[in-house]
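Structural features, examined
The chain contents come next:
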Amino acid sequence: MFNLVKGTHDIILEDADKYSFVEQTLIQVAEFFGYQEFRTPIIESSDLFQRSVGDSSDIVRKEMYTFLDKGNRSISLRPELTAGIVRSIVNNKLLALGDTPVKAYYVGPCFRYERPQAGRYRQFNQFGIECVGVSSPYRDVEVISLGYFGLKMLGFKNLKLKINTLGDNESRANYKEVLRNYFKDHLDELCSDCHDRYSLNVMRILDCKNPNDQAIIKNAPKISDYLSEKSKKYFDDVLESLTNLGIEYEIDESLVRGLDYYSDVVFEFHYTSSKGLNYGALAAGGHYNKLVEEIGGPRDVEGVGFAAGIERLVSVMNDDSLFADLSFSLDCYVMPLDLQFEKNAIEVATRLRLNGFKTDLSLENKSIKAMLKKALRKNAHFALIIGQDEINSNSIIVKNLKKEEQVSIKLDDLIEYLDNQIDENEHSHHHSEE
């Protein structure tokens with residue numbers, strides 16, 4: 001027996017259906033907003049993440065899976081996807097074409113070496129979007145609204161958008177100086193991680209989850225007092241537009257996000273279940289103004305994006321019963337009554353599949369009773385029975401397992417008959433819902 005590697009998990013059967021449902025729903029919303037799919041490698045040069053995510057982030061300092069390849073190059077499994085997407089945009093010279101913004105969505109696995117716990121894995125799946133080549137606050141609004149409506153489409157009702165601004169470069173430079181002066185007098189009381197953050201990026205201290213540090217952080221100066229006029233106007237435009245779209249928000253001045261490339265607007269979508277349980281952030285993102293240049297692209301090209309962990313979304317949707325019935329079902333289960341009719345059964349099954357019917361078949365020499373039980377377990381709509389009489393008359397018995405009725409149909413008429421039966425079933429189901 002080989003066991004799973006610590007911090008990984010199998011996604012199989014009904015669980016896989018749930019993951020696909022979440023991913024397809026979010027992809028559909030992204031495509032409504034004019035985004036196109038990007039697929040980038042799982043491995044990248046380690047330097048890409050050190051430069052983009054930042055040496056002060058916990059991801060680079062503690063959580064990356066990094067190794068030397070056979071050419072002695074430092075390679076990392078991607079801990080997030082934004083850096084790879086922006087690298088791809090730069091490498092493929094998409095910004096030089098002048099057709100901006102480049103609007104990318106992505107779905108795929110990421111890797112972080114962190115302590116495994118409920119809903120948190122070392123290999124996890126992420127959906128996200130990046131809108132690169134932006135200069136308008138209304139692109140930030142568009143990205144936030146995509147995240148908001150995507151989560152709504154999944155059934156999340158009690159969403160709270162938490163939002164903050166980190167200001168432009170000038171605002172942050174002034175604010176960092178003020179923070180350094182404030183935290184300098186409290187260094188002895190702060191945790192060892194915050195000592196590192198103090199020298200690498202003092203704003204990271206605001207993101208510390210250590211309860212002892214929280215009281216000190218609470219009294220720290222607020223960035224809103226150090227914003228440039230330009231940053232204030234940008235943030236106000238975003239907030240006003242969100243109000244006009246009917247998206248409620250709460251300004252949270254402690255929100256700085258865990259990655260160094262963010263500037264100006266940052267945000268998180270928090271969720272409270274129907275039972276009043278607060279699940280915290282389901283998706284998060286923000287604006288960035290230096291990332292493209294850091295990765296070798298042109299100067300002064302900005303972007304905005306967000307990402308959501310699929311594991312987290314599925315876990316919360318399970319807890320709050322937000323999934324519709326996604327149980328596996330077949331349209332048809334083909335049942336040869338004897339091994340000699342297997343070749344006929346596979347021909348019928350293939351024809352059904354090519355005409356768009358989800359079809360399986362029995363090739364195990366079982367009794368009709370055993371095959372019918374299997375058809376029911378597979379939640380099949382129809383059992384199709386082939387015996388000697390059916391071979392002789394070029395026909396097939398179609399048993400409707402939902403209505404418990406059966407008829408003999410000529411093989412030439414089979415597809416048309418099943419189409420009519422399924423249309424009739426959907427029509428009556430629609431009326432019963434009304």
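Please refer to the structure higher up on the page.
Keep in mind that what you see is a predicted model, and the values were worked out from it rather than measured. (Residues numbered from 1 in each chain as written. Predicted model: local features only at pLDDT ≥ 70, side-chain atom pairs only at ≥ 80, totals over all residues. Heavy atoms only, no water.)

Observations concerning the packing of aromatic side chains
Within this structure, the stated rule accounts for 10 aromatic pairs. Summarising the aromatic geometry, the rings of F127 and F306 are spaced 6.3 Å apart at their centres and angled 55° between planes, so their arrangement reads as tilted. Note that F127 is positioned in strand β6 (residues 123-134) and F306 in strand β11 (residues 302-309), a separation of 179 residues in sequence. Accessibility assignment for this pair places F127 and F306 in one class, buried. Through a chain of ring-to-ring contacts, three or more aromatic side chains come together here, namely Y105, F127 and F306. Between the NZ or CZ atom of R122 and the centre of the ring of Y113, over which it lies, the distance is 3.9 Å. Just above the ring of F328 sits the side chain of K358; from NZ or CZ to the centre is 5.9 Å. (Phe/Tyr/Trp six-rings, centres within 6.5 Å; stacked < 30°, edge-to-face > 60°. Helix = DSSP H or I, 4+ residues; strand = E, 2+ residues; numbered from the N terminus. Buried < 20%, exposed > 50% of the residue type's maximum accessible area, 1.4 Å probe, protein only. Lys NZ or Arg CZ within 6 Å of the ring centre and 35° of its normal.)

Side note on the packing of helix α5 (residues 137-153) against helix α9 (residues 229-244)
In contact at an axis separation of 9 Å, α5 and α9 are set at 40° when each is read in the N-to-C sense. On the basis of their axis angle, the class for α5 and α9 is oblique. By crossing handedness, the relation of α5 to α9 is classed as right-handed. Along the contact surface, α5 presents P137, Y138, D140, V141 and I144, while α9 presents Y234, D237, V238, S241 and L242. Class assignment for the residues of the contact of α5 with α9 results in 7 nonpolar, 1 polar and 2 charged. (Axes fitted to C-alpha atoms, helices over the stretch in contact; angles between N-to-C directions. Parallel < 35°, antiparallel > 145°, perpendicular 65-115°, else oblique. Left-handed = near helix turned anticlockwise from the far one by under 90°. Contact = heavy atoms within 4.5 Å. Nonpolar A, V, L, I, M, F, W, Y, C, P; charged D, E, K, R; others polar.)

Some details on the nonpolar core
Nonpolar side chains in soluble globular proteins generally cluster together in the buried interior. Ranked by size, the top nonpolar core spans 50 residues in total, and within it V86, V132, L179, F183, I205 and L206 carry the most contacts. The element that contributes the greatest number of residues to this core is helix α4 (residues 82-91), accounting for 5 residues. Here L179 is in contact with V202, M203, L206, A220 and P221, once residues within four sequence places are set aside. Core analysis: the next-biggest nonpolar cluster, separate from the first, contains 45 residues, I144, L161, Y279 and F306 among them. (Core = buried A, V, L, I, M, F, W, Y, C linked by side-chain atoms within 4.5 Å.)

As for helix α8 (residues 211-218)
Within α8, the full set of buried residues consists of D213, I216 and I217. End-on, the buried residues of α8 take up no more than an arc of 100°, which puts them together on one face. What points out from α8, more than 90 degrees from its buried face, is the exposed set P211 and K218. Where the residues of α8 are buried, they touch α6 (169-184) and α7 (192-200). Two or three places before N212, at the start of α8, stands the capping residue N210, its side-chain oxygen 2.9 Å from that residue's backbone nitrogen. (Arc of directions from axis to C-beta. Polar contact = N/O pair within 3.5 Å; in protein donor to acceptor, adjacent residues only side chain to side chain.)

Any functional reading would require information that these geometric values do not contain.
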